[in-house]
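One-letter residues, chain by chain:
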Amino acid sequence: MPLLTGAEPFRHEGGETAVLLCHGFTGSPQSMRPWAEHFAERGLTVSLPLLPGHGTLWEDLRVTGWQDWYAEVDRELRLLRDRSARVFVAGLSMGGALALRLAALHGDAVSGVMVVNPANKVHGVAAHALPVLRHLVPATKGIASDIAKPVTRELGYDRVPLHAAHSLRSFFRLVDRELPQVTQPLLLMRSPQDHVVPPADSARILSRVSSADVTEVLLEQSYHVATLDHDAELIFRESTAFIGRLAPGAVREPGLGKEGTTAGG
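The shown structure was predicted, so the numbers you read here are calculated from the model rather than taken from an experiment.

Conventions used here
- Residues numbered from 1 in each chain as written.
- Predicted model: local features only at pLDDT ≥ 70, side-chain atom pairs only at ≥ 80, totals over all residues.
- Heavy atoms only, no water.
- pLDDT = per-residue confidence, 0-100.
- Contact = heavy atoms within 4.5 Å.
- Helix = DSSP H or I, 4+ residues; strand = E, 2+ residues; numbered from the N terminus.
- Axes fitted to C-alpha atoms, helices over the stretch in contact; angles between N-to-C directions.
- Parallel < 35°, antiparallel > 145°, perpendicular 65-115°, else oblique.
- Left-handed = near helix turned anticlockwise from the far one by under 90°.
- Nonpolar A, V, L, I, M, F, W, Y, C, P; charged D, E, K, R; others polar.

With that settled, consider the confidence of the model for the chain. For the chain, the average pLDDT comes to 92, and 94% of its residues sit at 70 or higher. Contacts of residues 256-265 to residues separated by more than four positions or lying in other chains number 24 contacts, the stretch itself having pLDDT below 50.

What follows covers the side chain of S31. Among the structural elements, S31 can be located in the loop between β2 (17-22) and α1 (33-41). Those residues in contact with S31 that sit more than four places away from it in its chain are H23, L92, E154, V225, T227 and L228.

Packing of helix α3 (residues 66-83) against helix α4 (residues 94-106) leaves a shortest axis separation of 10 Å and a crossing angle of 55 degrees. Classified by the angle between their axes, α3 and α4 sit oblique to one another. In the crossing of α3 with α4, the sense of the turn from one axis to the other is right-handed. Across the interface between the two elements, W66, W69, Y70, V73, D74, L77 and R78 from α3 touch M94, L98, R101, L102, L105 and H106 from α4. Grouping the constituent residues of the contact of α3 with α4 by class yields 9 nonpolar, 1 polar and 3 charged.

Here it is, written out as structure tokens:
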């Protein structure tokens, strides 16, 4: 299927410090594009892949699972590691869980982790019914575009395929067990007013990781998709400072990097 306009992946060849960004469940690179461009403008190498089953039709997501989504970001991390001195990983919502698993499994190959409203669990009574319900009901109401900023919209599916949601539930359980293996510096940014992921998910992550260097930032003016919301600039500023602190000299003034490029999935 052709990609939805705006759902294209983004890549930028910059300096020796790289950032891999992971978008959320039923979303697309569009929700992370401004963040990726911010890094690119400051001379960093950037990869923002499109996860399998996303950016087209929700039916395409129905036939994918967490193994497909994780394999995509794992591959991108390995490619970045081959050509970069340092690699940071970042993610929104489910993308945060993907980033945390990359950190847990790749150890020193990941220099730091930056997550926005990271998800850790599928909540609600319906979550326990997913193993059976997914065979009876193909999809439920979408979760995209939880944004406080007027007019701004997230490019995501208006339906959540339950087969994929069931796989997501399994993935969260797996990542939760692996969180103690996360030892890298962690920047966790969360919205107190989030209608998709409750505060308990961030609290659980913070209590489980083994990172000694942890920074928590509240995004008071934003909902779930904070990367497109009122606090986007705060996210950009805090994450750039985080990288600059851990990789001195990696961040340059805007205008000194190369142009970014987009490519099909």
